Structures are given as structure tokens and as C-alpha cells.
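# Report on the structure
Each chain, written out:
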Amino acid sequence: MTQELTSPSPAPQAPETGRGPGWWRDAVIYQVYVRSFSDSDGDGIGDLRGARARLPYLKDLGVDAVWLTPFYASPQADGGYDVADYRAVDPLFGSLQDADDLIRTAHDLGLRVIVDIVPNHTSDRHPWFQDPELARQRYLFRTGKGESGELPPNDWESVFGGPAWTRTERGDWYLHLFAPEQPDLNWDNPEVHAEFEAILRFWLDLGVDGFRVDVAHGMIKAPGLPDIGHGQQAKLIGNQVLPFFDQDGVHAIHRTWRRLLDGYGDAHGRQVVGVAEAWAPSAERLALYVRPDELHQAFNFQFLNAPWEADALRAVIDTSLAATTSVGAPTTWVLSNHDVVRHTTRLGGGLDRARAATLLMLALPGSAYLYQGEELGLPEVTDLPDEARQDPAFFRGGRTAGASATSGQDGFRDGCRVPLPWSGELPPYGFGDGGSWLPQPDDWAALTVEAQTGDPASTLELYRTALALRRRLPGLGDGEMSWAPAPDGVLAFTRAGVLCAVNTLGHEVELPPPGALLLASAPVTGKGAAAVLPGDSCTWWAI
């Protein structure tokens, strides 16, 4: 099924940034959830041609790179994270030629391209799993417990709820930490290593600038696959080392991949990167993924999960910076993605708090990730009908008709994946000519790109201005920061020539103006010699 280009030609070269070594150290990277970004063919599902057509919008927004979620050949049991062929584009999203065209257009616009790689598991439709003998070599099969093997081999639970094991017609069991359609690979088999190294080279030859490694903490399981001893295991992810996640053995894989990436980059005059999606129980363990001989970045979920409280935010920022600085890596900051409630809703303070959180994030040292639609201030869609939902955790966990919570994820990830509104007064708001695969709210007309463009008070223009300032001011991006004195409930820190002040309280706070106001998430007023910062606001000052 692996596809070939219709007219292969040398891979397009990535843009130069003029920032010296390590473009990723202060890059702003925009996540495109492909099926919800832009639809070019009217089938209601976003695709690569639609994404390519919208790349000038991302260039104007001011980001440095685009991260594309999986568009590989897949039965779509989990939104494309169940891959049947890593070298082919699913017809739902286009063709390999469309991928090549997108990469070339992005590079022409000065944008880099990062793609997902999914190494923990494949689709059950993958040719390896379809072959009974190969499957038992390259996936994790075990004999069950009980008199006739009728019980799962251990007590592990799927992240999506229910047992992490499914029994086959032969009577043995295979491991799937996610959906049954996503069997876990056996990384003790050298053929698995060789295949994924070949896959990385395939996409590097096509011109991609890096890989976001899905479940980068999951490929190695503890010897003997020991029981955990209790349920609700999904709640432990990111809080403690588990026998199926964050095992030390994963680091040997990442070191091998780093050598491959560096070697390829040196041979082709490019800087190509690896980014870990790794849930680790502490910032110190997360930093292990970005040691000098491992991956270049790791998502900072501790920051994403921090409450909107000054002391808590400061603690997470300090811990994150200390951990990554100790290994010479940049810190990453992220507020939203395709697996969590959008931060406009999650932080609990509406759009004002979300705008403030964004300016805080963009002022911190390191790299920042944006999730499509957050620049529009999109809220989580919380009233999707059950019949529209497609998140496998929703169905596997039994979260329908008011059912109680389960041991897995809550199954409501669809609410952050509703297709983007681009223009017009009614759904599908310019997403495409054939509706949208998830229904859009009827009250999103004021949130479209068209409606917000040129409005200085809009969230879109706030993002554009912030990203332009971040690019222009040498004190922002990578580098050092120092905390500044501030009242309770307020965070203040300085970068070279810039002070950022964040009021996390629900009421106004008066401060002496530290300099000239550069940007504010909400209007700042004066009261005598003081500047009045609104509740849930963030300001940047030139000092």
C-alpha cells in the first residue's frame, strides 16, 4: 500500500531562521489537527490540501513551524493514531503528493514541518499484525491466567478504559494500552527498531524537519509485565513510574533516534528534531528525555496542568526551567492540544484568563506550542450529541446516557477537535463545502478568522501582535529570566529589556508602571502614578 510520488524530486530545504544553532530552542510551533483544520474536497473532513491552502494564514500569524497530526493510512479507530501504513497517506487526507506539496509550500513560506510518528503501537490492520506468526514476534502476546487462560495476563488497564488485553481466537492475549485496534509493538524485537528507523528516513527524505514522538514514554515495558495492584490506573499516568510507562529502557531508543537525526541533518545541511510526548511523574524525569544525546524537546504537561494560581505557576516554571537547564535543553510551554480541554474553558476564567495565560506562556524562556483555534479564543464544545462523538474512550468507557466515570480517560476529547471557523455567519463557517465531521456551535460567527481579522480587541490580533513582538524583541524566546517583586497573586519576571506582569486574581491590582507598556491582554488604566492591572490579565512592559 506504500505510496510513491508521481514526480519525485529533491526534498525541499527548510528555511533559515538566522537565530544561530538550534532553531527549536525558541520556536513557536502550531499544531494542526488535520481533520479539523480545513477541508478542500467537501467531504466534511480536513485534509492536506486544505491545510496547505491555509499555510499563508499561519505565516501571517507569526509561527515558526507547523506540527501535523497523523495523516497516514489508517482505519481511523483513534483519529489516525492507529497506523496501518507509515509510508502512505490515507485517502481521507489526500496522497503522498499532497504531503510533498504541503512541505514544499511551507518551506517556501519560511515554515518548518513536524509530523507525528507513532511507535508504541500500530493499527490491528497493519500487515505485521495481520500475519499471525509475525504478529507474535513483533507485538506483545502472552498466555492468560486461569485454568484455561481465560483471564488477562495481568491487571493492566487501557488508557481508554477497560482491560489492556484482548484475547484472540488462538486463546492467547495481546496488549493494547489504548484501543483494542491499537496493539502494542514488541520493542525487544530488532526488526521493530529497524523498521522505524527506515520510516524516519523516508519522511526526512521527503523534507520534514522533525517528528513529534507519540507516547514516547511507552515503548518499553517492565520485565515480566508485573501487576500494578489496583484500578484507576489512568489517573496514575504522569504521577508515578508505571510498569508500562516511563521505563528507563525507552531512553536507549531515543538515543538511537537522536544519532539518526543528527547524522541525517549533518549529511544534508539541515537541523531536524525529535519532540517527546512523554508523561513523566516529575520535571526531573521529563528532563531525561531531552539530555544532549536524546530528543530535542519534550512537552511540558506540568505547566499545562498547573492551576491558575500565582504560587503554583511560579513553582512549575521554576521546576521546569531548573530541570531542562540541568541538561542543556530548552523548556517547552503548552496550554492546549487535541487531547485536553481547551484552556479557554479549562482554566475556569473564560477568555480573559485564557488571553492572560497565553501572554504569560509566550514571555517565558524556550519554545511554545499553540493548538489550532486557540488564537481565536475558541472554547471547549461541551454539548456535542452522543451520536456525533468519535473519541474511542467515550464508547469504550461507557460514558453514554449519564453512565458513571470509568478507569480510563473521560472520553470527551471531541470537544477540542471541532473544526475551525474561518468565515461566514453560519456553520460550517468556511471550513469546507460539505459541512463538518463534528458539528460546530451556532454562535461561532463572531469567532471566525474573518470576523476577528483587523479588530484590535480580538484574540486573533492579540496573538498576531504578541508573536510579532516575540520575534522582534531579542529578550523574548530562548534565554534567561529573573523574578521581580510583586504583590500576592501577581507574577512578575524580567527578560532582557522586558518585564512580564500577570495578575492571577479576580480583581484589579495597582502597580507602579515599570516602563512603557508593550502589550496587554486586557485594557490597562492609570490611577495617579499607578497602573491598574485588571483581574486575570497579563502585561508586557519595555524596561
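Residues numbered from 1 in each chain as written. Predicted model: local features only at pLDDT ≥ 70, side-chain atom pairs only at ≥ 80, totals over all residues. Heavy atoms only, no water.

## Some points on the overall build of the protein
Within the protein one finds 15 helices and 21 strands. For 543 residues, the compact-globule estimate of 2.2 N^0.38 gives 24 Å, and the protein sits close to it at 23 Å. Looking at the protein as a whole, 61% of its 543 residues are labelled buried. Of the contacts made within the protein by residues no fewer than 6 positions apart, 67% connect residues no fewer than 24 positions apart. Split by element, the accessible area of the protein, about 20,000 Å² in all, is 51% carbon and sulfur. With 43 positive and 72 negative side-chain charges, the protein shows a separation of 4 Å between the mean positions of the two kinds. (Helix = DSSP H or I, 4+ residues; strand = E, 2+ residues; numbered from the N terminus. Rg over C-alpha atoms; globule rule 2.2 N^0.38 Å. Buried < 20%, exposed > 50% of the residue type's maximum accessible area, 1.4 Å probe, protein only. Contact = heavy atoms within 4.5 Å. Areas by Shrake-Rupley, 256 points an atom, 1.4 Å probe, with all protein chains shown as cover. Lys, Arg positive; Asp, Glu negative; His and termini not counted. Charge placed at Lys NZ, Arg CZ, Asp CG, Glu CD.)

## Looking at the pattern of salt bridges
All chains considered together, the criterion is met by 27 salt bridges. Two residues, R285 and D246, come together in a salt bridge whose shortest N-O distance is 2.6 Å. Separated by 39 residues along the polypeptide, R285 in helix α8 (residues 283-287) and D246 in the loop between β9 (210-213) and α7 (250-268) bring together distant segments of the chain. With relative accessibility at 1%, the residue D246 sits in the buried group. E294 is paired through a salt bridge with R291; the nearest N and O atoms lie 2.7 Å apart. (Salt bridge = Lys/Arg side-chain N within 4 Å of Asp/Glu carboxyl O.)

## Quick word on the nonpolar core
With 144 residues, the main nonpolar core has Y30, L58, F71, W203, F303 and W540 as its most contacted residues. The biggest single contributor to this core is helix α12 (residues 350-363), with seven residues. Leave out the neighbours within four places in its chain, and F71 touches L48, A88, V89, D90, F93, A99, V115 and W203. The next biggest cluster of nonpolar side chains, apart from the first, holds 21 residues, and it includes L140, L225, I228 and F244. (Core = buried A, V, L, I, M, F, W, Y, C linked by side-chain atoms within 4.5 Å.)

## So, the packing of aromatic side chains
All told, the structure shown has 26 aromatic pairs when counted by the stated rule. Pairwise contacts between aromatic rings join F71, Y72, Y86, W187, F196, F202, W203 and W257 into one cluster. Of note, R35 hangs over the ring of W437, and the distance from its end group to the ring centre comes to 4.8 Å. Positioned over the ring face of W128 is R138, at 4.5 Å from the centre of the ring. (Phe/Tyr/Trp six-rings, centres within 6.5 Å; stacked < 30°, edge-to-face > 60°. Lys NZ or Arg CZ within 6 Å of the ring centre and 35° of its normal.)

## Points about the packing of α12 against helix α15 (residues 459-472)
At a closest axis distance of 11 Å, the pairing of α12 and α15 adopts a crossing angle of 10°. One element, α12, and the other, α15, form an angle in the roughly parallel class. Contact residues: α12 offers L351, R355, T358, L359 and L362, while α15 offers T459, L462, Y463, A466, L467 and R470. (Axes fitted to C-alpha atoms, helices over the stretch in contact; angles between N-to-C directions. Parallel < 35°, antiparallel > 145°, perpendicular 65-115°, else oblique.)

## Quick notes on the sheet that holds strand β7 (residues 165-167)
Judged by pairing direction, the sheet is antiparallel, and its three strands sit side by side in the order β6-β8-β7 without closing on themselves. At either margin of the open sheet sits one strand with a lone partner, and together these are β6 (141-142) and β7. One ladder, built from two bridges, connects β6 with strand β8 (residues 173-175); its direction is antiparallel. In the strand pairing of β8, R142 is matched with W173. (Pairing = 2+ DSSP bridges.)

## Thoughts on α15
One full turn of an α-helix is made of 3.6 residues, so residues set three or four places apart face in the same direction. Across its 14 residues, α15 extends 20 Å between first and last C-alpha, which sits within 8% of the 20 Å expected from 1.5 Å per residue. For α15, the tally of buried residues reaches 10 of 14 residues, placing the bulk of the element in the interior. Those residues of α15 that fall on the buried side of the exposure criterion are T459, L460, E461, L462, Y463, R464, A466, L467, L469 and R470. (Expected span 1.5 Å × (residues − 1).)

## Overview of unusual backbone geometry
Cis peptide bonds are those with omega within 30 degrees of zero, and the linkage from P427 to P428 qualifies with 10°. For P428, the position within the fold is in the loop between α13 (392-396) and α14 (449-452). Here the phi dihedral of Q76 falls at roughly 65°; this positive angle occurs in a residue that is not glycine. Topologically, Q76 is positioned in the loop between β3 (72-73) and β4 (85-89). Despite not being glycine, L225 shows a phi value in the positive range, around 45°. Taking relative accessible area as the criterion, L225 reaches 10% and is therefore assigned buried.

## Considering the sheet that holds strand β13 (residues 367-371)
Strand pairing within a sheet occurs via backbone hydrogen bonds; the two strands may be parallel or antiparallel. Taken together, the eight strands give an open sheet; going across it, the order is β11-β10-β9-β5-β2-β1-β13-β12, and neighbouring strands pair in parallel fashion. Bordering the open sheet on either side are β11 (297-298) and β12 (332-334), each of which pairs with just one other strand. Across three bridges, the pairing between β12 and β13 is parallel. Bridge pairing in β13 places V334 opposite Y369. Sitting on the sheet, α7 is in contact with β5 (112-117), β9 and β10 (273-276), with an inclination near 165° to β9. The strands touched by α12 within the sheet are β1 (28-32), β12 and β13, with β13 carrying the most contacts at an inclination of about 150°.

## Re α7
For α7, which comprises 19 residues, the first-to-last C-alpha distance of 27 Å matches the rise-based estimate of 27 Å (1.5 Å per residue) to within 8%. Restricting attention to buried positions, one finds in α7 the residues V250, H251, I253, H254, W257, R258, L260, L261, Y264 and G265. Immediately beyond the C-terminal end of α7, within one or two residues, lies G269, with a positive phi of roughly 65°.

## Remarks on the pairing of β10
The two faces of β10 match: V273 and V275 on one face and G274 and A276 on the other face are all buried. Two strands pair when backbone bridges link them, and β9 and β10 are joined in this way by four bridges, in the parallel orientation. Directly across from F211, in β10, lies its bridge partner G274. Crossover handedness for the path β9 to α7 to β10: right-handed. Relative to β11, β10 runs parallel, the two being bridged by two bridges. Within the sheet, the bridge partner assigned to A276 lies in β11 and is A298. (Right-handed = clockwise from strand over helix to strand, strands pointing away.)

## Quick notes on the packing of helix α6 (residues 190-205) against α7
The geometry of α6 relative to α7 is characterised by a closest axis approach of 11 Å and an angle of 30° between their N-to-C directions. Compared by their axis directions, α6 and α7 come out roughly parallel. Pair α6 / α7 crosses with right-handed handedness. Contacts from H193, F196, E197, L200, R201, L204 and D205 of α6 reach α7 at I253, T256, W257, L260, L261 and Y264. Taken together, the residues of the contact of α6 with α7 break down into eight nonpolar, two polar and three charged. (Left-handed = near helix turned anticlockwise from the far one by under 90°. Nonpolar A, V, L, I, M, F, W, Y, C, P; charged D, E, K, R; others polar.)

## Considerations on the environment of K59
Considering the arrangement of structural elements, one finds K59 in helix α2 (residues 55-61). When near neighbours in sequence (up to four residues on either side) are disregarded, K59 contacts L109, G110 and L111.

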